[in-house]
Amino acid sequence: MSPTLIQRQASILNDLSLLVALGSLTLHLPQPLRLPGPGCKAGDSWLWSPPFEWCSAEVHVLMEEREGDVFGLLGWLSDRGWLRCTYQIIPGEVTRVVVRVYAVPEDVDGRRFLPERTAMEEKRGRKALRRVMEVLDASAEMWAGNI
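Since we're looking at a predicted model, the values are computed, not measured.

1. Notes on helix α1 (residues 5-13)
Taken residue by residue, α1 has Gln-9, Ile-12 and Leu-13 as its buried positions. Looking straight down α1, one finds that the buried residues subtend no more than 90° of arc, so they occupy a single side.

What follows is the structure, given as C-alpha cells:
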C-alpha cells in the first residue's frame, strides 16, 4: 500500500534533517497560562510545538506586544507549511519557553506533497518570515536553551 498524502507530508515536516535551522526565541507566557502536557519528541530531543492555538486570542493580548505578534506569525507560517517549531520549557520557569524555528526549504525532496501557495500567500508568507527572522537569536547558547 502506498503512503497517503498526510503520511508523505508528515515524512517531510517531521524530519529535522530536511529542515533548515533558523534560530530560536524565548516566549514569556502570561500566568496562569501553561503549555499543554508534553507533546511528541522531535529529532532534536525537544518537543514538537503543538498547534499554536494553545493560546487563545485573549492570551495573545496578555503577552508582550512583540511576542504576541511573533507568536501569531509562527502559527500562521506553521499552519501553511513554511516553518516547523520545537520547544523546551525552561526548567523551573513554567511560563517561559525556548522555541527553535526551522524552515521548510523550497527545494526539499517531496515538496510537491505539501500544500500549494497562492501568489498572495507567497507574498504574505515572505513578509511574515522576514518579521520572524528579525527576532530570532542564532547564537549556539540560545539554540541549546541556555538563556
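After that view, the rundown keeps rolling.
2. Details of the packing of aromatic side chains
As enumerated under the stated definition, the model contains 1 aromatic pair in all. Its end group placed over the ring of Trp-46, Arg-100 keeps NZ or CZ at 3.7 Å from the ring centre. The ring of Trp-82 carries Arg-117 above its face, with NZ or CZ at 3.7 Å from the centroid.

3. A closer look at the sheet that holds strand β4 (residues 96-103)
Taken in spatial order, the 4 strands make up an open sheet running β1-β4-β3-β2, and their pairing is antiparallel. The outermost strands of the open sheet, each flanked by one partner alone, are β1 (20-28) and β2 (47-48). Examined bridge by bridge, strand β3 (residues 83-89) and β4 share 7 bridges and lie antiparallel to one another. By the bridge assignment for β4, Tyr-87 is matched with Val-99.

4. Considerations on unusual backbone geometry
Its identity is not glycine, yet Ser-45 carries a phi of approximately 70°, on the positive side. Structurally, the position occupied by Ser-45 is in the loop between β1 and β2. According to the relative accessible area criterion, Ser-45 is exposed, its value standing at 53%.

5. What to know about the confidence of the model for the chain
Averaged over all residues, the pLDDT of the chain equals 77, while 74% of them reach at least 70. Across residues 56-63 the pLDDT falls below 50, and counting only partners more than four positions away or on other chains, this stretch makes 13 contacts in the model.

Parameters and conventions
- Residues numbered from 1 in each chain as written.
- Predicted model: local features only at pLDDT ≥ 70, side-chain atom pairs only at ≥ 80, totals over all residues.
- Heavy atoms only, no water.
- Buried < 20%, exposed > 50% of the residue type's maximum accessible area, 1.4 Å probe, protein only.
- Helix = DSSP H or I, 4+ residues; strand = E, 2+ residues; numbered from the N terminus.
- Arc of directions from axis to C-beta.
- Phe/Tyr/Trp six-rings, centres within 6.5 Å; stacked < 30°, edge-to-face > 60°.
- Lys NZ or Arg CZ within 6 Å of the ring centre and 35° of its normal.
- Pairing = 2+ DSSP bridges.
- pLDDT = per-residue confidence, 0-100.
- Contact = heavy atoms within 4.5 Å.

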